[in-house]
Amino acid sequence: KDSYINKKQQEIDVIKKDFATTAPYDKYVYFKRLFDKYMKFNPDSAEVYVQRCKAVALTAGMNTEYLQSEIDEAMITVLRSDCYRAKILLDKIGAIDDLPPFLRVKLAIVYMEFYIRRVDLTLGSDVNILKIKEEDFWNNFKHYFPEGSWTSDYYETLITHKDLKD
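Anyway, here's the lowdown on the structure attached to this text. Everything numeric in this text was worked out from a predicted model, so none of it was measured. (Residues numbered from 1 in each chain as written. Predicted model: local features only at pLDDT ≥ 70, side-chain atom pairs only at ≥ 80, totals over all residues. Heavy atoms only, no water.)

Attention now goes to the overall build of the protein. Broken down by element type, the protein carries 8 helices and 0 strands. Secondary structure elements of the protein, listed N to C terminal, follow the sequence α-α-α-α-α-α-α-α. When each of the 166 residues of the protein is scored for burial, the buried share is 39%. Intrachain contacts of the protein at a sequence separation of at least 6 include 56% that bridge at least 24 residues. Roughly 9900 Å² of accessible area belongs to the protein as shown, and the carbon and sulfur atoms make up 53% of that amount. (Helix = DSSP H or I, 4+ residues; strand = E, 2+ residues; numbered from the N terminus. Buried < 20%, exposed > 50% of the residue type's maximum accessible area, 1.4 Å probe, protein only. Contact = heavy atoms within 4.5 Å. Areas by Shrake-Rupley, 256 points an atom, 1.4 Å probe, with all protein chains shown as cover.)

See the structure below:
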C-alpha cells in the first residue's frame with residue numbers, strides 16, 4: 001500500500017513540476033490532472049483540486065469545464081456516501097439532457113453510484129426512500145451509455161441484478 005501511495009505521489013509531483021504557465025485553461029488542465037490522480041487514492045486532496053478547477057473555470061468563463069468540475073465534485077461526494085450533499089449538488093447541475101452530450105454519460109455514472117449508495121442505506125428497511133424501482137431507474141438512464149459497453153453492462157447488472165449472460 002505504501003509503495004502504491006508513494007508511486008502516485010511521485011506522479012503528482014512530476015505534474016506539479018511541469019506546471020509552467022498561468023493561462024486559465026492551462027491552470028484548469030493542471031488542476032484537473034491532479035484531481036484525476038488524487039481521485040484514485042486520496043479524495044480529500046481530489047476535493048481541493050476540483051474546487052480549484054471550479055474557481056478557474058468560473059473566473060475564466062469556461063462553462064463546459066465548470067460543469068465538468070461540478071460533476072466531478074458530485075462524484076466525490078457520492079463516493080463518500082454523503083447522500084444529502086450529493087443530492088444538492090446533483091440538483092444544482094440540473095437536467096442531464098441540458099448538458100453537452102459528452103458530459104451526459106459522466107453524469108449518468110454519478111447517478112448510478114448515487115442510486116446504489118442510497119439503496120444500500122435503506123437495506124433492511126420497509127421504506128423506499130428513492131420511490132423508484134430498480135428497473136425503472138435503469139430504464140431512465142440506460143440510453144446515456146453506449147450500447148454494449150462495459151459501463152452499460154456493469155451498471156445494468158448492479159442496478160437491476162440481472163444476469164446478462166442470459
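Moving on: a nonpolar patch on the surface. A contiguous nonpolar surface patch, about 350 Å² in accessible area, is contributed by W150, Y154 and L158. Locating L158 in the fold gives a position in helix α8 (residues 150-160). (Patch = residues over 30% accessible without salt bridge, like charges linked within 9 Å, V, L, I, M, F, W, Y side chains within 5 Å. Salt bridge = Lys/Arg side-chain N within 4 Å of Asp/Glu carboxyl O.)

Okay, helix α3 (residues 43-60) next. Its 18 residues give α3 an end-to-end C-alpha distance of 25 Å, which sits within 8% of 26 Å, the value for a rise of 1.5 Å per residue. Turning to α3, its buried residues are A46, E47, Y49, V50, C53, K54, V56 and A57. A positive phi of about 70 degrees marks G61, the residue just after α3. (Expected span 1.5 Å × (residues − 1).)

Those residues of α8 that fall on the buried side of the exposure criterion are T151, S152, Y155, E156, I159 and T160. The buried residues of α8 occupy an angular sector of 125 degrees when the element is viewed end-on, so they sit on one face. Phi turns positive, to about 65 degrees, at H161, one or two residues after α8. (Arc of directions from axis to C-beta.)

This part takes up the environment of C53. Mapped onto the secondary structure, C53 falls in helix α3. Along the primary structure C53 and K27 are separated by 26 residues, whereas in three dimensions their C-alpha atoms are 7.9 Å apart. When residues no more than four places from it in sequence are discounted, the contact partners of C53 are Y28, F31, K32 and S69.

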